[in-house]
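Observations on the model geometry
Spelled out, the chains give:
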Amino acid sequence: FFFFFFFQAEDGIRDVERSRGLGDVYKRQELKENGSRNLQADVKEYFKGRSVIAWYGNKRNYIIDDVDFNLNPDTHSFATPEGMMNITTYMLKKYQIKIKHRNQPLLLHKKRIRGVVGSGPESEEKIYLVPEVCGLTGLPDEMRSNFQAMKQIAVHTKLTPDQRTDKMSKLLKLFNSMNISRERREGQPPNRPPEDQPAEILKRWGFEILPDPIQVRGRKLPPVTVGLGGDQTIKPQGNGQFFFKQRIVTPLNLDKWILVYDNRSYSTAEKFVDVLYNASNTFGIKVDYPEYVETHNVRAEGYIDAIQHAVKKISEPQIILCILPRNAVNEYPKIKRWAITQDPPHLTQMVKFDTLERAKNMMPICSKIILQINAKRNGDLWRIGIPKEVPKKTMMVGIDISREKGFTYLGFSSSYNPVFTKYYTQLMKLEEKTEISGTVGSLLCNAVMRFYEETSKRFFPELIIIYRDGVGDSQKHEVFCSEVESIFRVFADKLENYKPKLLFAIINKKVHTRFFRKNTGGGETFSGRGRGSRRGLAEESRQDLVNPDPGTVIHEDLVDDNLYEFLIMPQHVNEGTGTPVRVHVIYDTSGLSLTVFEELTNALCYGYDNWQGAIRVPAPCKYAFTHARLATRYTRTKPHAQLLSQKYFL
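Let's talk about the sheet that holds strand β3 (residues 61-63)
The strand order across the open sheet formed by 3 strands is β3-β2-β9, and the pairing between neighbours is antiparallel. Both edges of this open sheet fall to β3 and β9 (134-136), since each of them pairs with a single strand only. Recorded for the sheet is a direction-independent mean angle of 35° between the axes of neighbouring strands. Direction of pairing for strand β2 (residues 51-54) relative to β9: antiparallel, over a ladder of 3 bridges. Across the sheet, the residue bridging to A54 is C134, located in β9.

Overview of the side chain of S402
Note on placement: S402 falls in strand β18 (residues 394-404). Here the side chain of S402 touches T632 through a polar contact of 2.9 Å, side chain to side chain. Excluding residues within four positions of it along the chain, S402 makes contact with F407, T408, Y409, F625, A628, R629 and T632.

Observations regarding unusual backbone geometry
Omega for the bond connecting D343 with P344 falls within 30 degrees of zero, at 0°, which places this linkage in the cis form. Note that P344 resides in the loop between α10 (332-340) and β16 (348-352). Residue Q96 is not a glycine yet carries a positive backbone phi of 55°. Looking at the element boundaries, Q96 is found in the loop between α3 (87-95) and β7 (106-113). Overall, the relative accessible area of 60% leaves Q96 in the exposed class. Of note, E316 is a non-glycine position whose phi angle comes to about 50°, a positive value. Mapped onto the elements of the fold, E316 is located in the loop between α9 (300-313) and β15 (319-324). Taking the relative accessible area as the measure of exposure, E316 reaches 59% and is therefore exposed.

Some details on the pattern of salt bridges
Throughout the structure, instances matching the rule amount to 23 salt bridges. Salt-bridge contacts for R468 lead to E483; the nearest nitrogen and oxygen are separated by 2.7 Å. With R468 in strand β21 (residues 463-468) and E483 in helix α14 (residues 476-494), this residue pair connects regions lying 15 residues apart in the sequence. With respect to class, R468 is no different from E483; both count as buried.

Rules used throughout
- Residues numbered from 1 in each chain as written.
- Predicted model: local features only at pLDDT ≥ 70, side-chain atom pairs only at ≥ 80, totals over all residues.
- Heavy atoms only, no water.
- Pairing = 2+ DSSP bridges.
- Helix = DSSP H or I, 4+ residues; strand = E, 2+ residues; numbered from the N terminus.
- Axes fitted to C-alpha atoms, helices over the stretch in contact; angles between N-to-C directions.
- Polar contact = N/O pair within 3.5 Å; in protein donor to acceptor, adjacent residues only side chain to side chain.
- Contact = heavy atoms within 4.5 Å.
- Buried < 20%, exposed > 50% of the residue type's maximum accessible area, 1.4 Å probe, protein only.
- Salt bridge = Lys/Arg side-chain N within 4 Å of Asp/Glu carboxyl O.

In structure tokens, the structure reads:
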């Protein structure tokens, strides 16, 4: 057993609010998209779903639903106690703000007003905002891509364990010793008496905040075994990673593929193919030369026309690889959407020209690409060791929801082979009033039938283990009463005699708990790339706090003894402070012990094909989220049914 420090942590910095107005953002967007054929559509797409803050009044946040180009501050009027008034006049009278640009469009926020139960449906109120007096919140994409800017922000957001502990201890000591004074009034003493100080008030309520973290016991799970080709096995390093250069489990030769590039990228494309050929040999994959297709139009239409022309020569290619120039990256969604909705659909792989051109060594990039292509084509890269107590006829399920820019999709992934490397991924668009409970039951029934078909209709899964992500603590009871019950209801309707064992676990990534390992000199410590020496340490004993080793679990002290739950840290964190994941089982007839389920959960975190190491959540959850995120962010449509059994979304 290991000892850990624990406390409730507050992040150093929340959302960053940018001080410039949206009028400036709009101007920049106009200049950026000057050559666009539909400027208004591009601006609407840019702002839709973004969060803004109004720099007046109570400085409220709003989610933008639309941009109305038919209205401006002078033309839009609304009722006030003084009569009808346009926005320009209202802002001047109410807030003493003079609108400078009278012809700017207005941002639209639709406020949903819930009616009294039984009195009717929800109503909607339209709130118009002036871009000039609003600001975007959060970090823009251009700032996230700025390495130097993000490095400066990381100094405050990615604190090391000892830095975070020191800051919290100082804050709590300040709170306990705080002496709040107030102005003297007639008949009152000049200062608050000791019993009115914050710490004393909490003591009367039975609370006491200790400045130092507490110690709890944790357990380090046994290392996961990773199987490669030729019956070879490797163990992950102490940092949970297992980078390898040897034959994979199921290498799929690439001898029928198309490479699309623009007329200025030919030399880079040739070099890329040569390096890809060498990289593929490392993993036992044979790559032949592709069908080269050159396009002079860097828009999505140009790439699609080039692909259609090439498909006439090579029908049903194994993969279509597109090298996108810098000014065509925004065309990715259109190409992807077209490819996955064709009949038959096309598997695609996109590569940025800048990524290849700026790389000093293409080998790592090409190695990553060839492995991703192999995974998309359903070739197993590696296999993880599963606890022997888990039945062979088991199906793993991951459920997650992605919300972005006003779109919401539910991703549902389910394994259909005994080693949990092949997944059937379904997608469901959720409207505002969509009932998720019935959706989960129907999707699971489809997954069970897919499992049955893959076993040549020999058997159904005897045990179904579901990892449900995207659920807050306040929604757990609702999930149990709706989703779990709907599963058995759907099974009873469609599969009358089928009664599998079921384990339903909720994954919560938004955990405020932080725990650290005290570095006593034993074991391996991987610090990654540091940002300078530790600073501001209150005590010498705190200079050696480090993040827990991968595979650390805590199921005592920090969790409710009356619940079936545990905290797990499967991944390695080389910068800042690691955040554990809380796993709460709300239904269980599996017969698996807590120890076995912890080991299984940890092992599944090594099964995500896009990373040679452990991730925060089990692979089924990650596949579900990645699929849903692709739909919300880019494609916004369901793929062809043929792609549901392939990891085309990687």
